Amino acid sequence: MTDEEVLDEFRAAEALLEGHFILSSGLRSPRYLQCARVLMNPSRAGRLAEAVAAKIPAELRAQISAVVAPAMGGVIAGQEVARALDVDAMFVERPTGTFELRRGFRLSPGQKVLMMEDVVTTGLSSREAIKAIEDAGGEVIVAASLVDRSNGTADLGVPFFPLIRLDVPSYEADSLPPELAAIPAIKPGSRVGA
């Protein structure tokens, strides 16, 4: 799937938004990809997940025995990529502010895991999810996401394969360009900003 085909999927789902957005990291941006909208159609979600799985080198794909995603945003993406890889899907969540594996999910010691995100901006949530997976006994051998909007700066500590890299500027709240500062900010994501 080409970058333009991926963006076409977001456009068709009305999930490519323009305005003034507060990201989960607390940064501000003029564009936002609403992954929940693009994943709400199971056929579209399946196509995107198959494309993510195809980006992962075969030698890594063959080792993956589970996909673990951070809740909330990564859950559907993780489920669909697990389906594409024919492995189990689980998620970590933050009941007390720190990611942990719950709900009876278990990883065997050393179990090879793909950590699946919807969007990576700074990489902080992904690194926190990877730590929780490792604390639960898993070994994260690869990470993937639908979108990498880190402008190539996210270091997750493992090989990382986003479906698309979207280089959109992001700004600190006190360093906005005038055209962005003139637009009311909205927070479309699922997590309270930093």
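Residues numbered from 1 in each chain as written. Predicted model: local features only at pLDDT ≥ 70, side-chain atom pairs only at ≥ 80, totals over all residues. Heavy atoms only, no water.

An unreviewed UniProt entry annotates the chain as Orotate phosphoribosyltransferase of Sphingomonas koreensis. In its Pathway (unreviewed entry) section, the UniProt record describing the chain reads: "Pyrimidine metabolism; UMP biosynthesis via de novo pathway; UMP from orotate: step 1/2." (UniProt positions renumbered as here; feature names shortened; annotations may be inferred.)

K.L.:
Would you take a moment to explain the pattern of salt bridges for this structure?
P.N.:
Side chains that carry opposite charge are capable of pairing whenever their charged atoms lie near each other. For the coordinates displayed, the defined rule picks out 11 salt bridges. For Glu9, the salt bridge goes to Arg47, with nearest N and O atoms at 2.8 Å. One end of the pair, Glu9, is in helix H1 (residues 3-12); the other, Arg47, is in helix H3 (residues 42-55), with 38 residues separating them in the sequence. Exposure remark for Glu9: the relative accessible area of 11% places this residue in the buried category. Judged by its relative accessible area of 38%, Arg47 falls in the partly exposed class. Measuring nitrogen to oxygen at the nearest pair gives 2.9 Å for the salt bridge that ties Glu139 to Lys112. Of the two residues, Glu139 sits in strand S7 (residues 139-148) while Lys112 sits in strand S6 (residues 112-120), which places them 27 residues apart along the sequence. Residue classification places Lys112 among the partly exposed residues on the basis of a relative accessible area of 27%. (Salt bridge = Lys/Arg side-chain N within 4 Å of Asp/Glu carboxyl O. Helix = DSSP H or I, 4+ residues; strand = E, 2+ residues; numbered from the N terminus. Buried < 20%, exposed > 50% of the residue type's maximum accessible area, 1.4 Å probe, protein only.)

K.L.:
What is the right way to look at the packing of H1 against H3 in this model?
P.N.:
Axis angle and axis distance: for two packed helices, these are the angle between their axes and the distance between the axes, and together they describe the pair. Orientation of H1 relative to H3, taken along the N-to-C sense of each, is 160°, at an axis distance of 11 Å. Considered as vectors, H1 and H3 are oriented roughly antiparallel to each other. The chirality of how H1 crosses H3 is left-handed. Facing H1, whose interface residues are Val6, Glu9 and Ala12, H3 presents Arg44, Arg47 and Leu48. (Axes fitted to C-alpha atoms, helices over the stretch in contact; angles between N-to-C directions. Parallel < 35°, antiparallel > 145°, perpendicular 65-115°, else oblique. Left-handed = near helix turned anticlockwise from the far one by under 90°. Contact = heavy atoms within 4.5 Å.)

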